[in-house]
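# Analysis of the macromolecular model
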Amino acid sequence: MKVTFKIWRQENRNTKGAIKEYKVDGLTEDMSFLEALDHLNELLVLKNEKVIAYEYDCREGICGQCGVFINGRAHGPHDNITTCQLHMRSFKDGDTIVVEPWRAASFPVLKDLIVDRSAFDRIMEQGGYITAKTGTAPEANAILIPKEVSDSAMDVAACIGCGACVATCKNASAALFASAKINHLNNLPQGHPEAHKRVQEMTYQMELEGFGSCSFTGACEVECPEGISITNIAEMYAKYTKAKLFG
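The residue numbering used here restarts from 1 in each chain and proceeds along that chain's sequence as written. Reporting of local features is limited, given that this is a predicted model, to residues whose pLDDT is at least 70; pairs of side-chain atoms are given and counted only at 80 or more, and all residues count toward the totals for whole chains, interfaces and linings. Hydrogens are left out, water is left out, and the side-chain values use all remaining heavy atoms of the structure.

### Observations regarding the domain arrangement of the protein
Note that the domain bounds were set by an automatic or database domain assignment. By the assigned domains, the protein splits into domain 1 (3-111) and domain 2 (117-246). Two residues form a contact once any of their heavy atoms are found within 4.5 Å. Each partner contributes to the interface: domain 1 provides 19 residues, whereas domain 2 provides 21 residues. Buried surface at the junction of domain 1 and domain 2, both sides included, amounts to about 1500 Å², of which 56% is carbon and sulfur. For domain 1, the biggest contributors to the area lost against domain 2 are Asn80, Ser106 and Phe107; these three give 36% of the whole. Once two parts are brought into contact, the accessible area they lose, counted with a 1.4 Å probe and summed over both, makes up the buried area.

### Some thoughts on the sheet that holds strand 2 (residues 18-24)
The strands making up a sheet are joined through hydrogen bonds of the backbone, oriented either antiparallel or parallel. Only strands joined by at least two bridges in the DSSP assignment are considered to pair. What counts as a helix is a DSSP run of H or I of at least four residues, what counts as a strand is a run of E of at least two, and both are numbered from the N terminus. Across the sheet, which stays open at both edges, the 5 strands sit in the order 2-1-5-3-4 with mixed pairing between neighbours. Edge strands, defined here as strands with exactly one partner in the open sheet, are strand 2 and strand 4 (73-74). As paired strands, strand 1 (residues 3-9) and strand 2 are joined by 7 bridges and run antiparallel to one another. Across the sheet, Val3 pairs through a bridge with Val24, a residue of strand 2. The axes used here are C-alpha line fits, helices contributing only the stretch in contact, and every angle between their N-to-C directions lies in the interval 0 to 180 degrees. Relative to strand 1, helix 1 (residues 33-46) is tilted by about 80°, and along the sheet it contacts strand 1, strand 2, strand 3 (69-70) and strand 5 (96-100).

### Some remarks on the state of the cysteines
Here, the term disulfide refers to a pair of cysteine sulfur atoms separated by no more than 2.5 Å. A complete count under the given rule lists 0 disulfides for this structure. Counting only cysteine sulfurs, Cys63 is the nearest neighbor of Cys58, a cysteine outside any disulfide, at a range of 3.7 Å. Whether a residue is buried, partly exposed or exposed follows from its accessible area with a 1.4 Å probe, protein chains only, as a fraction of its type maximum: under 20%, in between, or over 50%, in that order. On the accessibility criterion, Cys58 (26% relative accessible area) is partly exposed. The thiol sulfur of Cys169 is not disulfide-bonded, and the nearest other cysteine sulfur, from Cys220, lies at 6.5 Å. Cys169 sits in the buried class, given a relative accessible area of 14%.

### Observations concerning the pairing of strand 1
For a regular strand, side chains alternate in direction, first toward one face of the sheet and then toward the other. With respect to burial, strand 1 is a largely interior element, 6 of its 7 residues being buried. Sheet analysis places strand 1 next to strand 5, joined by 4 bridges and oriented parallel. Bridge pairing links Lys6 to Val98 in strand 5.

### What to know about the pattern of salt bridges
Any carboxyl oxygen of Asp or Glu that lies within 4 Å of a side-chain nitrogen of Lys or Arg is treated as forming a salt bridge with it. Enumeration according to the criterion identifies 16 salt bridges in this entry. Note that Asp38 is salt-bridged to Arg59, the shortest N-O span being 3.0 Å. Linking Asp38 in helix 1 with Arg59 in the loop between helix 1 and strand 3, this pair joins segments that are 21 residues apart in sequence. With a relative accessible area of 27%, Arg59 lands in the partly exposed category. For Asp151, the salt bridge goes to Lys147, with nearest N and O atoms at 2.7 Å. On the criterion of helical spacing, the pair formed by Asp151 and Lys147 is a turn pair, its members being 4 residues apart in helix 3 (residues 147-157). The class of Asp151 is partly exposed, set by a relative accessible area of 33%. Of the residues examined, Lys147 reaches a relative accessible area of 57% and is grouped as exposed. A single network of salt bridges, built from pairs that share partners, joins Glu11, Lys50 and Lys111.

The following block contains the structure:
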């Protein structure tokens, strides 16, 4: 395969960036998208040019580090996958592929395709944990949890914190991310002691980080690689109202 990559290049957050074009040959449809970028970087090394900076770790759709816009869509053209799970068979020989970093004021560009997502970490620091001392793993049936509760908690616990929800939202809202983390713990009995405090402090930190408000357009749900539903946002706001009244 031969494709033309148009990739955002930016030295750091204080410099202006621009799209740069690269014609790349020698690709195969069995390559993952990140392997194609690896191949491009190898060619740049041979030309004594600066390689393209991009994030990855597991390359299995778990860590959430590899997120980029591909042809204007978060993680590429398919639903419910991450960038590292995308393969070149999704494109045609001769295609032009535009690759850009997440676009959000709360996710400043560090270099090329890498953005600073530490705002998510600071939200988690405000309540993304339980205060109970866990010790060793408890017996599985020591705390009885209804199946529908455990299922709902597991569904939102699948959030990998990739930031696609923020990047694709017209308001750059982090409501889907925050609601997943809040509902995951608040729905389980282990998270009940600090439930009111958690929802108030995590949503407050979300506002401090400069994320926009949710207007329920649903773009975040569409682009979420784990398919987390926006009903979680409504549930989070209901918990927030309850916490303000009774917390």
